[in-house]
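# Observations on the three-dimensional arrangement
The lines below spell out each chain.
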Amino acid sequence: MNYVFDFGAVLVNWQPVAMLAEYFPQQADSPAHAGHLAHAVFGHADWHNFDRGVLTMDEVIARTSTRLGLDAQRFGALVRSIGQRLLPMQQSIEWLATLKARRDVGADVRLYFLSNMPVDYARVLEQTYDFVGWFDGGIFSGDVGAIKPESAIYQQLQQRHALVGQHTVFFDDLLGNVQAARALGWHAIHFHNAAQAQADLKELCA
């Protein structure tokens, strides 16, 4: 079986609402306002183009701070800090280690990743965490110019590693990304936490 993991909010912490509440307490003075601001920042085409490698970090800082009226220096500090904030989620990494151990003793297990991730943050993860090297392959969006849920990025991973959809299961925290994988014939599980995902996987394989 091929196991394909997202990174943000699946293997590493991704808490955009909390970050914006920390850096912009006046604009994000309630959970609702913080959520709205997070969507305005990270759900916008500019951030998606940062994910796909079209905009640089400096460009997305300038464009977003101007568009939303945010202090550019403060917003820049937030954006530049994100790579160091993507901390491993302990239960997820323990699960990944279990799968790696099975593969390493000859089980029919292959590990891949498929993540919307600007190149700046992808390089930080690669240089900081040993577990990134456990994968048999994977794609960061910033390296290929495509993002989830566009079918092209799934197809690139599938073609690069000769994945067969019925033997592939994908884990992602965003339902739209899960649905895109299913549309290509992959199995896919909407990730909330490691325990839930493992339970859903067990049910899927029953």
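Bear in mind the structure is a predicted one, so any value in this text is a computation, not a measurement. (Residues numbered from 1 in each chain as written. Predicted model: local features only at pLDDT ≥ 70, side-chain atom pairs only at ≥ 80, totals over all residues. Heavy atoms only, no water.)

## What to know about the overall build of the protein
The helix and strand tally for the protein stands at eleven helices and five strands. For the protein, the spread of C-alpha atoms along the three principal axes comes to 55 × 30 × 30 Å. In the protein, buried positions account for 47% of the 206 residues. If you take every contact in the protein between residues at least 6 apart in sequence, the share linking residues at least 24 apart comes to 64%. Only carbon and sulfur atoms are counted for the fraction: they give 51% of the accessible area of the protein, which is about 9800 Å². One way to put it: in the protein the 15 positive side-chain charges average out to a point 3 Å from where the 21 negative ones average out. (Helix = DSSP H or I, 4+ residues; strand = E, 2+ residues; numbered from the N terminus. Buried < 20%, exposed > 50% of the residue type's maximum accessible area, 1.4 Å probe, protein only. Contact = heavy atoms within 4.5 Å. Areas by Shrake-Rupley, 256 points an atom, 1.4 Å probe, with all protein chains shown as cover. Lys, Arg positive; Asp, Glu negative; His and termini not counted. Charge placed at Lys NZ, Arg CZ, Asp CG, Glu CD.)

## What to know about the sheet that holds strand S1 (residues 2-5)
Read across the sheet, five strands follow the order S3-S2-S1-S4-S5 without closing on themselves; strand pairing throughout is parallel. Each edge of the sheet is formed by a strand with only one pairing partner; in this case those strands are strand S3 (137-140) and strand S5 (187-190). Within the sheet, the average angular offset between the axes of one strand and its neighbour, ignoring direction, is 15°. Bridge analysis of S1 against strand S2 (residues 110-115) gives four bridges, and the strand direction is parallel. Each residue of the ladder has a partner; that of Tyr3, found in S2, is Leu111. Along the sheet face, helix H9 (residues 151-160) touches S1, S2, S3 and strand S4 (168-172) and points at about 155° away from the line of S3. The strands touched by helix H11 (residues 194-205) within the sheet are S1, S4 and S5, with S5 carrying the most contacts at an inclination of about 150°. (Pairing = 2+ DSSP bridges. Axes fitted to C-alpha atoms, helices over the stretch in contact; angles between N-to-C directions.)

## Points about the pattern of salt bridges
Side chains that differ in charge, positive against negative, can pair when their charged atoms come close. Scanning the entire structure with this criterion turns up twelve salt bridges. In this structure, Arg63 and Asp46 form a salt bridge, with 3.1 Å as the shortest nitrogen-oxygen distance. Highlighted residues: Arg63 in helix H4 (residues 57-68) and Asp46 in helix H3 (residues 45-51), separated in sequence by 17 residues. For Arg63, a relative accessible area of 44% translates into the label partly exposed. For Arg103, the salt bridge goes to Asp136, with nearest N and O atoms at 3.1 Å. Taken together, the residues span a long stretch of sequence, with Arg103 in helix H6 (residues 90-104) and Asp136 in the loop between helix H7 (119-128) and S3 at a distance of 33 residues. On the basis of relative accessible area, Asp136 is assigned to the partly exposed category, the value being 34%. Among the ionic contacts, a cluster of salt bridges with common partners joins Lys100, Arg103, Asp104 and Asp136. (Salt bridge = Lys/Arg side-chain N within 4 Å of Asp/Glu carboxyl O.)

## A look at the packing of aromatic side chains
A complete count under the given rule lists 19 aromatic pairs for this structure. A ring pair is formed by Phe5 and Phe171, whose centres lie 4.9 Å apart and whose planes are at 25°; its orientation type is stacked. Of the two residues, Phe5 sits in strand S1 while Phe171 sits in strand S4, which places them 166 residues apart along the sequence. Accessibility expressed as a relative area gives 1% for Phe5, which makes it buried. In this structure Phe171 comes out as buried when scored by relative accessible area, which is 0%. A centroid spacing of 5.6 Å and a plane angle of 75° characterise the contact between Tyr154 and Trp186, whose relative ring orientation is edge-to-face. One end of the pair, Tyr154, is in helix H9; the other, Trp186, is in the loop between helix H10 (175-183) and S5, with 32 residues separating them in the sequence. (Phe/Tyr/Trp six-rings, centres within 6.5 Å; stacked < 30°, edge-to-face > 60°.)

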